[in-house]
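# Geometric and topological summary
The primary structure of each chain is shown beneath.
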Amino acid sequence: MSDSAEQPPAVDPLQRLRSATPARIGLGRCGHGLPTRALLEFQLAHARARDAVHEAFDPGRVVAGLSDRETRVVSSCAPDRQTYLQRPDLGRRLTDIDAALLTPGGYEAAFVVADGLSSPAVHAHAVPLLRAVFARIGDWRVAPIIIACQGRVALGDDIGERLGVGLVAVLIGERPGLSAPDSLGVYVTWNPQPGRQDSERNCISNIRPAGGLSYEPAARRLAWLMNAARHQRLTGVRLKDTSALPTLRE
Amino acid sequence: MYATTLAGTRHTFPDLKSVLAAATPLRSGDVLAGISASSMAQRVAARYVLADLPLTTFLSEAVIPYEADEVTRLIVDTHDAGAFARVSHMTVGQLREWLLTDDADASALAQLSPGLTPEMVAAVCKLMRNQDLIAVARKRQVVTAFRNTIGLKGRLSVRIQPNHPTDDPTGIAASILDGLLNGCGDAVIGINPASDSVETQILLLRLIDDLRERYAIPTQSCVLAHLTNTIAAIEQQAPVDLVFQSIAGTEAANRGFGIDLAMLREGRDAGLSLARHTVGANVMYFETGQGSALSAGAHHGVDQQTLETRAYAVARAFEPLLVNSVVGFIGPEYLYDGKQIARAALEDHFCGKLLGLPMGVDVCYTNHAEADQDDMDSILTLLGAAGVNFVMGVPGADDVMLNYQSTSYHDALYVRDVLGLHPAPEFEDWLMSLGILDAAGRIQDPRLTAGASERLLSYGGVGK
């Protein structure tokens, strides 16, 4: 669309460099502006990211995918998306009604599946990732799976403390970028309780089979982190994640 | 206690910081902190109170106690009473009016800067409309230099931000070349590394330095790593031009960044010790952003715009080359939408300039904010009119490492064109010498200037 008849044959000098980076280089110019194709490609990527942020979370899809497991659906104190985006404090707390339903049961670990900033990520990746993890952690006593609406990472601290678990793993939709609207992240926290800092967690990010980390290596790292956390009784910056090393050699 | 009665309603504010917070235009971060005005009328009432406050009030009442915070101590201890004398009889409202007059010209504003505290500047900012913020800021030229001269009238510089998700050197070089061919890179070629290792930082510094040396590009480089990493890189003889650090407006928030004023002094000394600068000795690059103190739980009940201005008091103690407000980066819990981001961008630019800082703005947003590229076009155009020293150049506006959207090389060309702005003079000469700009300063199509682009693209074999 950018080339008019007067222009010479389009030999983009940056063409040869394109494969070196996902960055939007060598887009060409119309005057000082973008060619229409590049303009629309950007708008599509942004639209997909925006739609991902605002797509309604359907906890029933996760419940159905885990029909052989006990599940509980809970909500944070953020009643809607607009509030959720502006009040991170509310997304970190359970409603009183849901909080009263969660009690200790001799569990070691809890899994929380939270919409975060991308419901599509959770809809697509949470169940297959959990299945891959369960296959690796048969020796853990796991609480009913908590599925949380309008949840932030730290909601897992509130949930974990109420369930009396030593470890909580929060599977959550990451903030969508233009390159991927459906990345899932996992945050692992030892001895969860409200007030934990981000530096006290370990994170596995960019989980998505197409272009990111696929389920099996993600599950392997998560199981490794859980066992290492149980062994060392901590998570965070002091728990060095060496699980990637054997992966590189495989 | 501060109070006013308007239309039969009495509005009271327990202290100075409450007046400042309530007077601030609505933004999500102050609501989140629980310090925003309780109604629109109360917001205006706070502005009435502020308008009648003598500027001397700010010398006797600190928003964060002197004993508790080294940033307050820096502000108080370095205040220039002689420079303040020009406006010492004024109220905040009178200061606004004076700033808008022709008496407040470039030289009067430059002389006033050391006499103003950040709280005075934040206060007058809250009384100003967007057009006031533009009209006054454009009068205040702040010129700095390292290998070129940034901030001259009629000039707009651009940082090339060639980030890559895995710090791949070829990918980064490709983004840099694209930026140079689009006339960008005079503010700095500055990489946000994905890795926090000093080894990667040194590798990337050598990459840019090699490119810069080979083509004699009159600009400076930076890898935006933590200050302590940069000091370690300097100790290993890495080619460090600018020393980078994120800073905030309270001692506790700076501690959250892992720094204090003494460390900044040490970093600046280390940068100067290399003596790599040729045109001027401004070796620091700071980034700031409204909301950083609240995010660190270190806001002391002070509104985010006042705290941001206090960060500029930190910056000015170290004579930086560049100060960049990353205005929309921190997210919608601090600035919710395009309107709030635009206001904050103009505030930050105005307040920094009035305090004498070389302000640039990362005109940007995240995907969970209510904003898009149309908002960025508006903000960029407003800042260009306000005389911003520099903006970001990100390929296609899409930062593939930090996952947010900023301004692009194209955007920089657009705003230079519509406002008649030029690159830094030394850099502009270099662009012309390569034929990237023609003799009239017009950007050339790289497909038509094979000589220049081929020379650049032959760099290190990356173009082969």
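In this text, all values refer to a predicted model and were calculated from it rather than measured experimentally.

What follows deals with the pattern of salt bridges. Two side chains with opposite charge may pair up if their charged atoms get near one another. All names here are of chain B. Per the stated rule, a full pass over the model turns up 32 salt bridges over all chains. The closest approach of N and O atoms between Arg159 and Glu287, which form a salt bridge, is 3.2 Å. Residue Arg159 is located in strand S5 (residues 157-160), and its partner Glu287 is located in strand S9 (residues 284-288); the two are separated by 128 residues in the primary sequence. The exposure classification of Arg159 matches that of Glu287, with both residues buried. Between Glu347 and Arg343 there is a salt bridge whose closest N-O contact spans 2.8 Å. Remark: Arg343 and Glu347 occur in helix H18 (residues 338-354); sequence separation between them is 4 residues, near one turn of the helix. On the accessibility criterion, Arg343 (11% relative accessible area) is buried. Shared partners join several salt bridges into a network, and the residues in it are Arg147, Asp209, Arg212, Glu213, Asp241 and Arg276.

Residues and elements named next belong to chain A. Its place among the elements puts Arg48 in helix H1 (residues 36-54). Classification of Arg48 as partly exposed rests on a relative accessible area of 49%. With 14 residues separating them along the chain, Arg48 and Leu34 place their C-alpha atoms 20 Å apart.

Residue and element names in this part refer to chain A. Evaluated as defined, the whole model comprises 5 aromatic pairs over all chains. Taking 5.5 Å as the distance between ring centres and 90 degrees as the angle between the ring planes, the aromatic pair formed by Phe111 and Phe134 counts as edge-to-face. In this pair, Phe111 is assigned in strand S2 (residues 109-114) and Phe134 in helix H6 (residues 119-134), connecting sequence segments 23 residues apart. Judged by its relative accessible area of 0%, Phe111 is buried. Above the face of the Tyr84 ring, Arg152 is positioned so that its terminal group lies 4.5 Å from the ring centre.

Helical geometry note: an α-helix holds 3.6 residues per turn, so side chains three or four residues apart project in the same direction. All names here are of chain A. With 19 residues, H1 extends 27 Å from end C-alpha to end C-alpha; this agrees with the ideal 27 Å at 1.5 Å per step. Along H1, the positions that sit buried rather than exposed are Ala38, Phe42, Ala45, His46, Ala49, Arg50, Ala52 and Val53. Down the axis of H1, the smallest arc covering the buried residues is 160 degrees, so these residues share one side. With respect to the buried face of H1, the exposed residues turned more than 90 degrees away are Arg37, Leu44 and Asp51.

On to the state of the cysteines. Residue and element names in this part refer to chain B. Tallied over the full model, the rule gives 0 disulfides over all chains. Looking at Cys364, it has no disulfide partner, and the nearest cysteine sulfur is the one in Cys184, 17 Å off. Exposure remark for Cys364: the relative accessible area of 0% places this residue in the buried category.

Here we come to the pairing of S5 of chain B. Residue and element names in this part refer to chain B. Side-chain alternation along S5 places Ser157 and Arg159 on one buried face and Val158 and Ile160 on a second face that is also buried. Both S5 and strand S12 (residues 390-393) contribute to a ladder of 4 bridges, which runs parallel. Its bridge partner being in S12, Arg159 is matched across the sheet by Met392. Here 2 bridges tie S5 to strand S6 (residues 188-191), and the two strands are oriented parallel to one another.

Residues and elements named next belong to chain A. For chain A, the average pLDDT comes to 90, and 90% of its residues sit at 70 or higher. Taken as a whole, residues 1-6 scores under 50 in pLDDT and shows 7 contacts with residues more than four places along the chain or in a different chain. Here residues 245-250 is modelled with pLDDT under 50, and outside its nearest four sequence neighbours on either side it reaches 2 contacts, counting other chains as well.

On to the side chain of Asn182 of chain B. Its location among the elements puts Asn182 of chain B in the loop between helix H11 (169-181) and S6. A relative accessible area of 5% means that Asn182 of chain B is categorised as buried. Among residues more than four places away in sequence, those in contact with Asn182 of chain B are Arg29 of chain A together with Tyr409, Leu413 and Ile443 of chain B.

Chain A puts 41 residues into the contact, and the matching count from chain B is 50 residues. Broken down residue by residue, the surface that chain A buries against chain B is led by Arg29, His32 and Arg175 of chain A, which jointly contribute 20%. Put simply, chain A and chain B have 2 salt bridges between them. At the junction of chain A with chain B, the criterion picks out 12 residue pairs in polar contact (both at pLDDT 80 or more).

Thresholds applied
- Residues numbered from 1 in each chain as written.
- Chains lettered and ligands numbered in written order.
- Predicted model: local features only at pLDDT ≥ 70, side-chain atom pairs only at ≥ 80, totals over all residues.
- Heavy atoms only, no water.
- Salt bridge = Lys/Arg side-chain N within 4 Å of Asp/Glu carboxyl O.
- Helix = DSSP H or I, 4+ residues; strand = E, 2+ residues; numbered from the N terminus.
- Buried < 20%, exposed > 50% of the residue type's maximum accessible area, 1.4 Å probe, protein only.
- Phe/Tyr/Trp six-rings, centres within 6.5 Å; stacked < 30°, edge-to-face > 60°.
- Lys NZ or Arg CZ within 6 Å of the ring centre and 35° of its normal.
- Expected span 1.5 Å × (residues − 1).
- Arc of directions from axis to C-beta.
- Disulfide = S-S within 2.5 Å.
- Pairing = 2+ DSSP bridges.
- pLDDT = per-residue confidence, 0-100.
- Contact = heavy atoms within 4.5 Å.
- Buried area = accessible area lost by both parts, 1.4 Å probe.
- Polar contact = N/O pair within 3.5 Å; in protein donor to acceptor, adjacent residues only side chain to side chain.

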